[in-house]
Amino acid sequence: MLSMYKKFIPSEYKKTIFDITPEDLKARGIRGIITDLDNTLVEWDRPDATPKLIEWLASMKQSGIKVVIVSNNNEMRVKSFSDPLGIPFIFQARKPMGKAFRRAIKVLDLQRKQIVVIGDQMLTDIFGGNRNKLHTILVLPVAKSDGFVTKFNRMVERRIMKKLKQQGQVTWEEKN
């Protein structure tokens, strides 16, 4: 039974993306980030990047770490967020399916071992990243509310998390 759940376990866990530093990534040979957008970088209903996020993205760029946004959201949402930041993106990604992850790897033009996937959902970001043999980082959702599909995913994730905790596979606390 455990093997079924293993693909949902992130390589590591951080409270927010701001706990992920370019220095730490570079020390581990990481040169590229595939990141989710909604509830990972900003609240799902926030149209633009916050000043703190803009600063975080700039620090990654200055350190030579490439970033690509991979989102299940529509083109208008992802493009209007990404374009002002000059960040490449993939919309309607259909995560956890592998095609968008493979496209993002091509955009980054790096080896898998040089890339991390950052996201707030085990069912889409972590499962998809793990299936594609990428290092995965689970972060807490930025917002307390979710869209309809995400609400369903979170319910499933709570069940998976409960099982993983019972089996001693999860050692972190996901509370704020």
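**Q** How do you make sense of the pattern of salt bridges when you look at a structure like this?
**A** Pairing between side chains of opposite charge can happen when the charged atoms of each approach one another. Inspection of the entire model under this criterion finds eight salt bridges. The residue E12 makes a salt bridge to K14 at a minimum N-O spacing of 4.0 Å. A relative accessible area of 15% places E12 in the buried class. The exposure class of K14 is partly exposed, given its relative accessible area of 23%. For the salt bridge of R28 with D24, the shortest nitrogen-to-oxygen distance reads 2.9 Å. Overlapping salt bridges, with partners in common, bring together E12, K14, D24 and R28 in one network.

**Q** I tried to follow unusual backbone geometry on my own but got confused; where do I start?
**A** The general pattern is negative phi for most residues beyond glycine and trans for most peptide bonds. A cis amide bond, omega 15°, links K95 with the succeeding residue P96. Its place among the elements puts P96 in the loop between β4 (89-90) and α5 (98-108). Unusually for a residue other than glycine, Q92 sits at a positive phi of about 40°. Turning to its location among the elements, Q92 is positioned in the loop between β4 and α5.

**Q** Would you mind showing me how to read the nonpolar core here?
**A** Most often, soluble globular proteins keep nonpolar side chains buried together rather than apart. Counting 23 residues, the largest nonpolar core has I33, L53, W56 and I118 as the members making the most contacts within it. Looking at this core, the elements that each hand over two or more residues are α3 (51-62), β3 (66-70), α4 (75-82), β5 (115-119) and β6 (135-139). With four residues, the single largest contributor to this core is α3. Residue contacts for L53: discarding those within four places in its chain leaves I17, F18, L41, V42 and F81.

**Q** Mind showing me how you'd approach the pairing of β5 here?
**A** Looking down a regular strand, the side chains alternate between one sheet face and the other. Burial within β5 is extensive, with five of its five residues counted as buried. With burial as the criterion, each face of β5 is covered, one bearing I115, V117 and G119 and the other bearing V116 and I118. Pairing between strand β2 (residues 32-35) and β5: four bridges, direction parallel. Bridging from a neighbouring strand, G32 pairs with I115 of β5. Two elements, β5 and β6, share four bridges in a ladder whose sense is parallel. Counterpart to V117 in the pairing with β6 is T136. As a crossover connection, the stretch from β5 through helix α6 (residues 122-131) into β6 is right-handed.

Rules and cut-offs
- Residues numbered from 1 in each chain as written.
- Predicted model: local features only at pLDDT ≥ 70, side-chain atom pairs only at ≥ 80, totals over all residues.
- Heavy atoms only, no water.
- Salt bridge = Lys/Arg side-chain N within 4 Å of Asp/Glu carboxyl O.
- Buried < 20%, exposed > 50% of the residue type's maximum accessible area, 1.4 Å probe, protein only.
- Helix = DSSP H or I, 4+ residues; strand = E, 2+ residues; numbered from the N terminus.
- Core = buried A, V, L, I, M, F, W, Y, C linked by side-chain atoms within 4.5 Å.
- Contact = heavy atoms within 4.5 Å.
- Pairing = 2+ DSSP bridges.
- Right-handed = clockwise from strand over helix to strand, strands pointing away.

Note that all results are geometric; they support no functional claim without further evidence.
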